[in-house]
Amino acid sequence: MKTISGWRDLEPYGIIPLTLEACGLSYRLLLDVTEQGRKILGHCLGIPNMTLGEAWNGGTKEAPHVGSVMLAQVMLVPVAVFALLEGGCREAYLLGNDVVGIEPGDPADTVETLKRVYRADYARRFSYGGTAGDRNTHQMTGRVE
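Since this is a predicted model, take the numbers as computed values, not measurements.

A. Structural view of the nonpolar core. If you look at the biggest cluster of nonpolar residues, it comprises 26 residues, and the most contacted ones within it are Ile 4, Leu 10, Ile 15 and Leu 41. Of all elements in the fold, only strand E3 (28-33), helix H1 (35-45), strand E4 (67-72) and helix H2 (76-86) reach the threshold of two or more residues within this core. With eight residues, H2 is the largest single contributor of residues to this core. Beyond its immediate sequence surroundings of up to four residues, Leu 10 is in contact with Ile 4, Ile 15, Leu 76, Val 79, Ala 80 and Ala 83.

B. A look at the environment of Gly 88. Its place among the elements puts Gly 88 in the loop between H2 and strand E5 (91-95). What makes Gly 88 partly exposed here is its relative accessible area of 41%. Taking the C-alpha atoms as reference points, Gly 88 and Ile 102, 14 residues apart in sequence, are found 8.9 Å from one another.

C. Up close: the sheet that holds E5. Strand order in the open sheet made by the four strands is E1-E6-E5-E7, with antiparallel pairing throughout. The sheet is open, and its two edges are formed by strand E1 (2-4) and strand E7 (124-126), each paired on a single side. Averaged over all pairs of adjacent strands, the angle between their axes in this sheet comes to 25 degrees, without regard to strand direction. On top of the sheet, H2 reaches E1, E5, strand E6 (98-102) and E7; it is set at about 15 degrees to E6, its chief contact.

D. Looking closely at a nonpolar patch on the surface. Taken together, the side chains of Leu 25, Tyr 27 and Val 74 define a hydrophobic patch exposed on the protein surface, amounting to about 370 Å² of accessible area. With respect to the helices and strands, the residue Leu 25 is situated in the loop between strand E2 (15-19) and E3. Note on Leu 25: relative accessible area 67%, which makes it exposed.

E. Region of interest: unusual backbone geometry. In this structure, Ser 26 is a non-glycine residue whose phi angle is positive, near 55 degrees. With respect to the secondary-structure elements, Ser 26 resides in the loop between E2 and E3. Notably, Arg 119 is not glycine yet its phi reads approximately 55 degrees, a positive angle. Relative to the helices and strands, Arg 119 is located in the loop between helix H3 (110-117) and E7. By relative accessible area, Arg 119 is classed as exposed at 79%.

About the criteria used
- Position numbers for residues start from 1 in each chain and track the written sequence from start to end.
- In view of the model being predicted, local features appear only for residues whose pLDDT reaches at least 70, and side-chain atom pairs are presented and counted only at 80 or more, with totals across whole chains, interfaces and linings using the full set of residues.
- Here the side-chain values reflect all heavy atoms present in the structure, with hydrogen atoms and water set aside.
- What is meant by a nonpolar core is a set of buried Ala, Val, Leu, Ile, Met, Phe, Trp, Tyr and Cys residues, joined one to another through side-chain atoms within 4.5 Å.
- Here's how the labels work: a residue is buried when its accessible area is under 20% of the maximum for its type, exposed when over 50%, partly exposed in between, all with a 1.4 Å probe on protein chains only.
- Think of it this way: any DSSP run of H or I at least four residues long counts as a helix, any run of E at least two long counts as a strand, and we number them from the N terminus.
- Two residues qualify as a contact provided that any one of their heavy atoms is within 4.5 Å of a heavy atom in the partner residue.
- In this analysis, strands are considered paired if DSSP registers two or more bridges between them.
- Lines fitted to C-alpha atoms define the axes here, with helix axes fitted over just the stretch in contact, and angles between the N-to-C directions of these axes take values from 0 to 180 degrees.
- A patch consists of residues exposed above 30% relative accessible area that lack any salt bridge, with like charges linked at up to 9 Å and nonpolar side chains (Val, Leu, Ile, Met, Phe, Trp, Tyr) linked at up to 5 Å.
- Per-residue and other accessible areas were derived by the Shrake-Rupley procedure at a 1.4 Å probe size, with only the shown protein chains allowed to occlude residues.
- Each reported salt bridge corresponds to a side-chain nitrogen of Lys or Arg within 4 Å of a carboxyl oxygen of Asp or Glu.

In structure tokens:
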């Protein structure tokens, strides 16, 4: 099981929060991303070959920063869902302010246990269950992208 509660929890997925000061509205957070992070954001936003702004920091030799983006704070949940699913979780749940990813080896009763811990009657479930993974196939044309 993996939990994302804030922007710093996305760093292992290549999405690195930098500052709020870059936004003149104090609304968006500036993030640098690695190639892994760029792919996650592309899936989340439906932009497979997304072009980013110039990276602010270099990153590491193993995980160089390939660009930057400014996102509103409310984007944490959708980005977290896609980060967990792209990171190997079979499904993700929104519980309170946390997004919890269920990994393939987790016990079958993990979700029920989480609902008790979070005192939640309902947990919103996300998984790649569409007819074409994270997208649905258009029924008239058969088109996915």
